[in-house]
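Remarks on the overall topology
Here's the letter readout for the chains.
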Amino acid sequence: MFSDGVFVRSAIQEQKDLVGTRVIKIGDEPISEAIGRVTDLFGKDNEMGVKFFAPLLLTMPEILHAVGLSKSVNISSFTVETEGRHRVVKLAPIGPVEILPADTDTSWMPKDGWVDMRDKAKAPTPLWLKNANLFWIEYLENSKTVYAQINQVGNKQDETLQAFSKRLLAFVEAKAADKLVLDLRLNRGGNGQLLLPLEIALLKSGMDQKGKLFILMGRSTWSASQFFLNWTQKHTNAVFVGEPSASKGNVYGDSRRITLPNSGITTRVSVYYWQDWSPWDTRVWTAPHVTAELSSAEYMANVDPVLRAAIDYKPQKSLEDVLEDALTEGGAETAVKRYRQFKAQVINKYADTEEPLLKAGQRMLNEKKPEQALVLFQLVRDEHPNSYRGYFAIGAALSLTPNKADAIKNLEQALRMSPKNYDVHNLLRQIPPTK
């Protein structure tokens with residue numbers, strides 16, 4: 001799943017004419033419907049999990065048959081597009097599914113005997129696809145950047161993550177680098193208890209400054225690597241670049257395999273709840289400060305837009321600062337206009353917006369301007385319809401006005417979305433019932 005659609009990225013020799021084609025349909029269903037049908041078959045914390053897992057399942061004949069995308073496990077039909085022309089191809093199974101390693105995303109790595117979209121690229125292999133070793137370092141002379149790829153939160157046989165962290169710190173100091181880039185795009189997790197030496201090394205490196213420390217992340221950044229994102233966001237000035245992470249700070253994890261006694265079906269169930277974020281934090285992922293997504297053409301040409309965005313990074317105002325300035329200049333109307341402009345920029349596609357908008361609305365409340373606060377809180381509700389916080393904020397603002405009935409309606413909606421929320425319950429109790 002690239003930024004411009006779903007493509008056949010790699011295939012066996014007999015199917016090489018399909019490599020680079022765009023997938024339009026599977027069976028009689030458009031690709032969007034096909035993705036939707038497999039989405040409930042795997043555990044995920046957000047839509048980045050769909051980008052990771054769905055393409056894998058859509059190459060499995062048994063899955064396609066089970067969800068009604070093919071009439072038989074022996075033949076599946078795909079409608080593909082090349083240069084605007086569509087054709088239907090029928091494919092048969094070629095063998096059992098390869099089991100992916102648990103903590104490193106190796107799905108992008110070339111397979112022996114297979115044809116890949118990148119095979120004819122003139123540029124060298126991008127660093128993020130150079131190898132799937134647990135961790136390694138390279139110096140980029142032209143930009144004075146230390147690039148470190150950490151593909152698993154674990155230990156090698158010949159080097160622990162702690163030893164690597166010390167080596168990374170010494171390497172940064174020896175090179176007197178201008179930037180440090182940590183690439184977690186293939187990091188599916190591991191043992192989060194091993195992260196402390198790496199975190200200490202970052203703080204000692206002298207690179208903890210805005211515009212010097214970068215974390216590259218995406219749909220495979222998950223589990224223990226999400227723990228690392230949580231820590232760096234809280235304790236450093238790191239700039240996150242790429243796609244959103246595949247997990248979040250408050251999440252169930254550490255799944256264990258169980259076999260259901262009657263059906264014999266094997267499944268996995270989480271056994272722990274991790275809470276690195278505030279209890280009221282409703283974010284579904286860690287968002288990048290700079291959105292950079294990979295297109296099919298960039299992949300085919302061995303171009304890495306994510307690393308390029310980090311190296312070419314230019315600081316910009318945060319949304320919180322943008323809204324603060326807008327409120328000072330012209331109030332809520334100006335703030336909404338500036339918000340739209342901010343969101344229209346490609347690099348801000350996945351930017352966190354709920355908290356800055358809530359803070360801006362609270363400022364208007366503090367300034368005794370409830371009408372302007374409501375404009376901003378309503379924008380929160382519209383932009384984050386699955387979060388209770390917009391409804392709660394609207395209810396709280398309306399509770400300060402004669403419009404108690406609408407205040408109660410919004411608070412009750414917030415309570416439906418967050419049934420055990422103490423603050424919503426408490427505010428509802430304080431509002432006298434309407435006749």
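Everything below is about the structure shown above.
A brief look at the structure comes next. (Residues numbered from 1 in each chain as written. Predicted model: local features only at pLDDT ≥ 70, side-chain atom pairs only at ≥ 80, totals over all residues. Heavy atoms only, no water.)

1. A short note on the overall build of the chain
Test applied: Numbering of helices and strands runs from the N terminus, with a helix taken as a DSSP run of H or I at least four residues long and a strand as a DSSP run of E at least two residues long. Radius of gyration means the value over C-alpha atoms here, while the globule rule gives 2.2 Å times the residue count to the 0.38 power. Exposure categories follow from relative accessible area, calculated using a 1.4 Å probe and restricted to protein chains: below 20% of the type maximum is buried, above 50% is exposed, and the middle band is partly exposed. By definition, residues are in contact when any of their heavy atoms lie within 4.5 Å. Method for areas: the Shrake-Rupley scheme with a 1.4 Å probe, in which residue coverage is limited to the protein chains shown. Residues scored as positive are Lys and Arg, those scored as negative are Asp and Glu, and His as well as the terminal groups of each chain are ignored. A charge is said to be at NZ when it belongs to Lys, at CZ for Arg, at CG for Asp and at CD for Glu.
For the chain, the helix and strand inventory stands at 15 helices and 14 strands. Here the C-alpha atoms of the chain give a radius of gyration of 24 Å, agreeing with the 22 Å that 2.2 N^0.38 yields for 435 residues. Projecting the C-alpha coordinates of the chain onto the three principal axes gives extents of approximately 70 × 60 × 50 Å. A burial count over the chain gives 49% of its 435 residues as buried. Long-range contacts, defined here as pairs at least 24 residues apart, represent 63% of the contacts in the chain between residues at least 6 apart. When the accessible surface of the chain is split by element, carbon and sulfur atoms take 52% of a total near 22500 Å². Here the chain contributes 54 positive and 51 negative side-chain charges, whose respective centroids are spaced 1 Å apart.

2. Section: the pairing of strand β4 (residues 76–82)
Stated precisely, the cut-off is as follows: A pair of strands is treated as paired once DSSP finds two or more bridges between them.
Across the seven residues that make up β4, a large majority, five, are buried. Pairing geometry for strand β2 (residues 22–26) and β4, over four bridges, is antiparallel. Opposite V23, over in β4, you have V80 as the bridge partner. Sheet analysis places β4 next to strand β5 (residues 85–91), joined by seven bridges and oriented antiparallel. In the strand pairing of β5, S77 is matched with K90. Hairpin connection between β4 and β5: a loop of two residues separates the two successive antiparallel strands, and E83 in this loop has a positive phi of roughly 50 degrees.

3. Topic: the environment of R340
In this structure, R340 sits in helix α10 (residues 332–344). Here R340 falls in the partly exposed class, since its relative accessible area comes to 44%.

4. Comments concerning helix α11 (residues 354–366)
Here is the rule we go by: Given a helix with a known number of residues, its expected span is that number minus one, times 1.5 Å.
Between its terminal C-alpha atoms α11 stretches 18 Å, which fits the 18 Å expected from 13 residues at 1.5 Å a residue. Of the residues making up α11, those classed as buried are E354, P356, L357, L358, A360, G361, R363, M364 and L365. On its buried face, α11 is in contact with α9 (319–330), α10, α12 (370–383) and α13 (388–398).

5. Digging into the sheet that holds strand β7 (residues 135–140)
Strand order in the open sheet formed by six strands is β7-β8-β9-β10-β11-β14, and the pairing between neighbours is mixed. Here the strands that pair on one side only, and so sit at the sheet edges, are β7 and β14 (290–291). Direction of pairing for β7 relative to strand β8 (residues 145–150): antiparallel, over a ladder of six bridges. Directly across from L140, in β8, lies its bridge partner T145.

6. So, the sheet that holds β5
Sheet strands pair via backbone hydrogen bonds, and the direction of the pair is either parallel or antiparallel. Spatially, β3-β2-β4-β5 is the arrangement adopted by the four strands of the open sheet, whose pairing is antiparallel. The two strands at the open ends of the sheet, each matched to only one other strand, are β3 (29–30) and β5. With two bridges joining them, β2 and β3 adopt antiparallel strand pairing. Paired with K25 across the bridge in β3 is P30.

7. A few points about a nonpolar patch on the surface
Under the convention used in this document: Without a salt bridge and with relative accessible area above 30%, a residue can belong to a patch; like charges are then joined within 9 Å and nonpolar side chains (Val, Leu, Ile, Met, Phe, Trp, Tyr) within 5 Å. Take a side-chain nitrogen of Lys or Arg and a carboxyl oxygen of Asp or Glu: if they are within 4 Å of each other, that pair is a salt bridge.
Together, I258, L260, I265 and V269 make up an exposed nonpolar region whose accessible area comes to about 310 Å². Here L260 shows up in the loop between β12 (250–259) and β13 (266–275). Taking the relative accessible area as the measure of exposure, L260 reaches 36% and is therefore partly exposed.

8. Things to note about empty space enclosed by the protein
Note the following rule: Of the two site types, the cavity is a set of points on a 1 Å grid over the protein atoms alone where a 1.4 Å probe fits but cannot get out, and the pocket is an open set with protein on both sides within 12 Å along at least five of seven lines, each lined by residues with an atom within 4 Å of a point. Grid points are joined across faces, edges and corners, and a volume is the space filled by probe spheres set on the points. Gly is put with the polar residues, along with every residue not named as nonpolar or charged; the nonpolar set is Ala, Val, Leu, Ile, Met, Phe, Trp, Tyr, Cys and Pro, and the charged set is Asp, Glu, Lys and Arg.
Here the structure, examined in full by the defined rule, presents three cavities of 30 Å³ or more. Estimated volume of the largest cavity: approximately 190 Å³. W108, W128, R185, R219 and E243 are the residues nearest the centre of the largest cavity, which is lined by 15 residues in total. For the lining of the largest cavity, the residue count by class is eight nonpolar, two polar and five charged.

9. What about α10?
Along its 13 residues, α10 runs 18 Å from first to last C-alpha, staying within 8% of the 18 Å computed at 1.5 Å per residue. Summarising the contacts, the buried residues of α10 are in contact with α9, α11 and α12.

10. Examining the side chain of S220
The condition that has to hold: Within 3.5 Å is the distance limit for a polar contact, defined as a pair of N or O atoms, with the added protein rule that one can donate a hydrogen and the other accept it, and that residues adjacent in sequence qualify only through two side-chain atoms.
Mapped onto the secondary structure, S220 falls in the loop between β10 (213–217) and α6 (224–235). The buried category is assigned to S220, whose relative accessible area is 1%. There is a polar contact of 2.6 Å between the side chain of S220 and the side chain of D105.

11. A closer look at the layout of surface pockets
The volume enclosed by the second largest pocket comes to roughly 1500 Å³. The wall of the second largest pocket is formed by 49 residues, among which R283, A351, D352, T353 and P356 lie closest to the centre. If you list the elements that add at least two residues to the lining of the second largest pocket, you get α6, α9, α10 and α11. Across the lining of the second largest pocket, the residue classes break down as 17 nonpolar, 16 polar and 16 charged.

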